[in-house]
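Analysis of the macromolecular model
Each chain, written out:
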Amino acid sequence: MFLSMNWISDFVDFTGLDKVDLIHRFSLSTAEVENEIFFKGSDISGIVVGEILSVEEHPDSKKLHLLKIDCGEAEPVDVVCGAPNVKVGLKTAFAKLGAKLGEITIAPRKLAGYTSNGMCCSESEIGISDDHSGIMEITDDVKNGTDLKDIYEIDDIIFEVDNKSLTNRPDLWGHYGIAREFAALAGRELKPLETDDLGKYDALPTVDMKIEDPLCHRYSCLQVENIKRSVSPVNMRIRLFYCGMRAINYLADLTNYLMLEMGQPMHAFDSRKVGKIRIKRFDTPFTFKTLDGVERNIDENTLMICNDNTPVAIAGIMGGLDSEIVDDTTTLTLESATFDAVSIRKSTVRLAHRTDASMRYEKSLDPEMTVPAIGRFVKLLKDGDSDIKVVSALTDEYAYKYDTVTLSFDKAFVDKYTGIEISNDTIVKTLSSLGFGVELDGDDFKVVVPSWRATKDVTIKADIIEEITRIYGYDNFAVHTTRSPLYPVRVDNVKHNEEKIKDILVKKYNLHELHSYVWAYADEQKALGIPVEENIKLTGATNPNIETIRRTIIPTQLCQVKSNIGYAPSFGIFEIGRVVEGLGENNLCVEKKKLAVTLYSKSDDIKTLYFRMRDILATITDDLKHKAVEFTPAEALHSYEHPVNLNEVVIDGETIGRIGIVHPVVSKKIDKKGNIVFAEIDVEKFANAADAGITYSEPSKFPPMTYDLSLELKPDMMFSVLKDCWETLKLNILKGVKIVDTYDTDTIHSITVRFEFSSNERTLSSNEVQEIMDKIIQNLSNKGVNLR
């Protein structure tokens, strides 16, 4: 939100003060100011009021005109101008020779054979609006040659406040609320808003208005007629433009001006089109065309302003096209209202349409502002158009009132929370300057929170401490070293395992860590042939592409692989993220933390890639749990899983995840020439698995013996089922068994297993080892495993 120091100066006298320094203090105490401060008009000089004395057509151009300009000098100035609105008697902004417009210095210049000794300027060229349709038309009674800066507020300091820092401060969405903060910081008085006395119209007829829905907290309205002015005063247009709004017409500009000044959105209806105001919702959906010409779908939850039963505006968001103020409007019905903040926010989400008005209503505006805003509007309207006539009494229905917030505390409470000595007088002065009612009895304070701070902001005593300290100045606090006991914090087991896993994947396997959102990306998954699995959905999601919470991270990673295949021929990615596996017995989401790893390669075959993934899981388990991981056949549960090449990952008999090859259909849609494997592990189950610890054994001084068996297995047989062939023998001299080679053809599936024997007491004999191997071979034969 852009703010004008000229505007703020209407309410606070800054004489003798550094305005830029005050802006920085405001940023420290109240709301974050963006880095750049704009000094409007500082790059403009030498622009004066010039009157066109004569207009001649250029003999060699259809667009150019030859003008004589009276700019307050002894002789008229010859100027060549191409603006379409030049005419004798028109007063305009004239840049004399030597004038500066930004980086441009005006000098004599020949245009189509004629010398132009200056330039007639549009408002856009001066930087006071975006209107470049013609030269500026000055209708005010001002003397020729008067510097434009002497009659209009072209010089100004504009700063921008981050809207996010105003979320809990509905009173700061207008210049008057900002001025209150500046007054407190500067120790200056806040001038009251000048308003029209609406009580003098009490004898007039009231407006036919009724609130028919509790979502409208307060609705105030007034009717005015005999409005003749259609163009806003120049200073009003300048302020609107500097604050990011464009001028439309006098009445529309005035409602925008009041919104920027007081933070209270207002709407002006053409009284010819609105006579019986009703605020309500409708039972059935319908379409409604707003001021921007867009047809919008209105549902039964959206509050509407109606002319009897005909909608004329979306409450708190935007007016309707059929009731807008136009150039020939002479009578208006003025609306100043407040609505339920949650309702407005939800309506903007449903309509996907957020406006300056709705942003303010979403912050829980003070209902007490509606009537002063109307009084201020009428005052400004009369200042600019003295012939206007108020033709109705103020009609006001106050349906919902916020409770008055009163807080009591003592000086000791302030000292405890601030840690410094702040006098009672300073506390009273600070709170009073911010609009709080303060009663002091000894060291006991009783504070009444003003209505504009009581809707959602100041509710507890700690909030009062914040008000005192921020105005006092956080930079004024003495710096002390805290004296607090520091206790070591034991690292959470799951977190510890997460960090170790990440280190292994990055340092040892060069994988890339990614982060993603918790929802399933429907469009991206559809492109890969992966349907979104039915799961918990986000209520009121504005984008159906991200309305479903994911059950697994792998589809997200496959979409990420698809997006990155052009950057490297081979890579691996991983993420430790969250998924939701439906609802539990308590009707709450069953949330799980998963490790997902995906490997992609154009150069390695699928078998090499699959065993690399197996090695990654084995390394993680061995390094962190000091035990072996097992793999058992699994059935495909997801559309992206290969129906055959899929295994469960098992530790201590408990399944903790899955490892597999991506389904060929999905893989081809990602890359026809690439291979992709994946693994997904339940992090909490892995972390909770018992650590076997590291055991040490003394190496034997006697030579070991190794024995290799080449075994021919059935196609679906796992190595793990063979272990009991030697483990049941309980052999102390058998020190290790491992696979050293594999051999596969269309008809043969073979592995070579190496058995290592040794004794710490003696040298083993060949007969002794052979006798053991014979028993193992017999056990293997009993399982249908033969030597190759």
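With a phi angle near 55 degrees, Ala352 is a residue other than glycine that sits in the positive phi range. Relative to the assigned elements, Ala352 resides in the loop between helix H8 (341-351) and helix H9 (356-361). Its relative accessible area of 68% is what places Ala352 among the exposed residues. A positive phi angle, near 55 degrees, is found at His626, a position not held by glycine. Topologically, His626 is positioned in the loop between helix H17 (606-625) and strand E30 (630-633). His626 sits in the partly exposed class, given a relative accessible area of 27%.

Attention shifts here to helix H7 (residues 250-262). With 13 residues, H7 extends 18 Å between its outermost C-alpha atoms, agreeing within 8% with the 18 Å of an ideal straight helix rising 1.5 Å per residue. Of all 13 residues making up H7, 13 are buried, and the element is well covered by its neighbours. Gly263 occupies a position one or two residues after H7 and carries a positive phi of about 80 degrees.

Moving on to the pattern of salt bridges. Tallying each qualifying case throughout the model produces 50 salt bridges. Between Asp196 and Lys200 there is a salt bridge, with its nearest N and O atoms 3.6 Å apart. Taking the shortest distance from any N to any O, the salt bridge between Lys627 and Asp652 comes out at 2.5 Å. Here Lys627 is found in the loop between H17 and E30, whereas its partner Asp652 is found in the loop between strand E31 (641-651) and strand E32 (654-662), with 25 residues between them in sequence. Residue classification places Lys627 among the buried positions, given a relative accessible area of 16%. By sharing partners, the salt bridges in this structure join Arg169, Asp171, Glu181, Arg453, Asp457, Glu467 and Arg470 into a single network.

Quick look at the pairing of E32 now. Burial within E32 is extensive, with 7 of its 9 residues counted as buried. Taken together, the 7 bridges between E31 and E32 define a ladder with antiparallel strand orientation. When the sheet's bridge partners are listed, Asn647 is paired in E32 with Ile659. Once E31 ends, the chain turns through 2 residues before running back antiparallel as E32, passing Asp652 with a positive phi of about 55 degrees.

All right, on to the packing of aromatic side chains then. All chains considered together, the criterion is met by 21 aromatic pairs. Aromatic side chains Tyr400 and Tyr402 sit 5.2 Å apart centroid to centroid with 80 degrees between the ring planes, which places their arrangement in the edge-to-face category. With relative accessibility at 39%, the residue Tyr400 sits in the partly exposed group. Residue Tyr402 is classed as partly exposed on the basis of its relative accessible area, which comes to 25%. Arranged with centres 5.2 Å apart and planes meeting at 40 degrees, the rings of Phe571 and Tyr600 form a pair that is tilted.

Let us look at helix H10 (residues 370-384). Its 15 residues place the ends of H10 21 Å apart at the C-alpha level, agreeing with the 21 Å of an ideal helix rising 1.5 Å per residue. In terms of burial, H10 is a largely internal element, 12 of the 15 residues being buried. For H10, the full list of buried residues reads Thr370, Val371, Ala373, Ile374, Gly375, Arg376, Phe377, Val378, Lys379, Leu380, Leu381 and Gly384. Where H10 is buried, its residues contact strand E13 (216-225), H7, strand E14 (266-270), strand E21 (332-339), strand E22 (389-390) and strand E23 (395-398).

For the rest of this paragraph, the subject is the packing of helix H6 (residues 234-242) against H7. One way to put it is that H6 packs onto H7 with a least axis distance of 10 Å and a crossing angle of 55 degrees. In terms of orientation, H6 lies oblique with respect to H7. For the pair H6 and H7, the sense of crossing is left-handed. Across the interface between the two elements, Met236, Arg239 and Leu240 from H6 touch Asp253, Leu254, Asn256, Tyr257 and Leu260 from H7. Class assignment of the residues belonging to the contact of H6 with H7 gives a composition of 5 nonpolar, 1 polar and 2 charged.

This paragraph deals with the side chain of Arg376. Locating Arg376 in the fold gives a position in helix H10. A distance of 2.7 Å separates the side chain of Arg376 from the side chain of Glu261, its partner in a polar contact. Leaving out residues up to four positions away in the same chain, Arg376 has contacts with Phe11, Leu193, Glu194, Thr195, Leu258, Glu261 and Met262.

Looking now at a negative patch on the surface. Where like charges cluster on the molecular surface, the negative patch consists of Asp410, Glu439, Asp441, Asp443 and Asp444. Looking at the element boundaries, Asp444 is found in strand E26 (residues 444-448). Among the residues examined, Asp444 registers a relative accessible area of 43% and is labelled partly exposed.

Quick look at the nonpolar core now. Counting residues in each nonpolar core, the largest one holds 112 residues, and the members touching the most others are Phe159, Phe182, Tyr219, Ile279, Ile305 and Phe339. Beyond its immediate chain neighbours, meaning those up to four positions away, Phe182 contacts Met5, Ile8, Phe14, Leu22, Ile23, Phe26 and Phe159. Counting 31 residues, the second largest nonpolar core, distinct from the first, contains Ile576, Leu617, Leu624 and Ala679.

The alternating pattern of strand E17 (residues 295-298) places Arg296 and Ile298 on a buried face, while none of Glu295 and Asn297, on the opposite face, is buried. Sheet topology places strand E16 (residues 286-289) next to E17; 4 bridges connect them, and they run antiparallel. Looking at E17, one finds that Phe288 is bridged to Arg296. Hairpin remark: E16 followed by E17, antiparallel, with 5 residues in the connecting loop; positive phi at Gly293, about 80 degrees.

A few words now on the side chain of Arg360. Checked against the element boundaries, Arg360 lands in helix H9. For the buried residue Arg360, which engages in no salt bridge, the nearest side chain bearing the opposite charge is Asp356, 4.2 Å off. Within the structure, Arg360 has its side chain in polar contact with the backbone oxygen of Asp356 (distance 3.0 Å). Apart from the residues lying within four places of it in its own chain, the contact partners of Arg360 are Met1, Trp173, Met259, Leu260, Gly263, Pro265 and Leu365.

Attention shifts here to the sheet that holds strand E1 (residues 2-4). The 3 strands lie next to each other as E1-E11-E2, forming an open sheet whose pairing is antiparallel. Two strands bound the open sheet, and with one partner strand each, they are E1 and strand E2 (33-40). The average angle at which neighbouring strand axes cross in this sheet is 25 degrees, direction not considered. Across 5 bridges, E2 lies against strand E11 (residues 156-161) in antiparallel orientation. Note that in E11 the partner of Ile37 across the bridge is Phe159.

Attention shifts here to the packing of H7 against H10. Between H7 and H10, the least distance of the axes is 10 Å, while the angle of their chain directions is 135 degrees. On the basis of the axis angle, H7 is oblique to H10. Pair H7 / H10 crosses with right-handed handedness. Taking contact as the criterion, the partners of Tyr250, Leu251, Leu254, Thr255, Tyr257, Leu258, Glu261 and Met262 in H7 are, on H10, Pro372, Ala373, Arg376, Phe377, Leu380, Leu381 and Gly384. Within the contact of H7 with H10, the residues separate by chemical class into 11 nonpolar, 2 polar and 2 charged.

Scoring rules and cut-offs
- Residues numbered from 1 in each chain as written.
- Predicted model: local features only at pLDDT ≥ 70, side-chain atom pairs only at ≥ 80, totals over all residues.
- Heavy atoms only, no water.
- Helix = DSSP H or I, 4+ residues; strand = E, 2+ residues; numbered from the N terminus.
- Buried < 20%, exposed > 50% of the residue type's maximum accessible area, 1.4 Å probe, protein only.
- Expected span 1.5 Å × (residues − 1).
- Salt bridge = Lys/Arg side-chain N within 4 Å of Asp/Glu carboxyl O.
- Pairing = 2+ DSSP bridges.
- Phe/Tyr/Trp six-rings, centres within 6.5 Å; stacked < 30°, edge-to-face > 60°.
- Contact = heavy atoms within 4.5 Å.
- Axes fitted to C-alpha atoms, helices over the stretch in contact; angles between N-to-C directions.
- Parallel < 35°, antiparallel > 145°, perpendicular 65-115°, else oblique.
- Left-handed = near helix turned anticlockwise from the far one by under 90°.
- Nonpolar A, V, L, I, M, F, W, Y, C, P; charged D, E, K, R; others polar.
- Polar contact = N/O pair within 3.5 Å; in protein donor to acceptor, adjacent residues only side chain to side chain.
- Patch = residues over 30% accessible without salt bridge, like charges linked within 9 Å, V, L, I, M, F, W, Y side chains within 5 Å.
- Areas by Shrake-Rupley, 256 points an atom, 1.4 Å probe, with all protein chains shown as cover.
- Lys, Arg positive; Asp, Glu negative; His and termini not counted.
- Charge placed at Lys NZ, Arg CZ, Asp CG, Glu CD.
- Core = buried A, V, L, I, M, F, W, Y, C linked by side-chain atoms within 4.5 Å.

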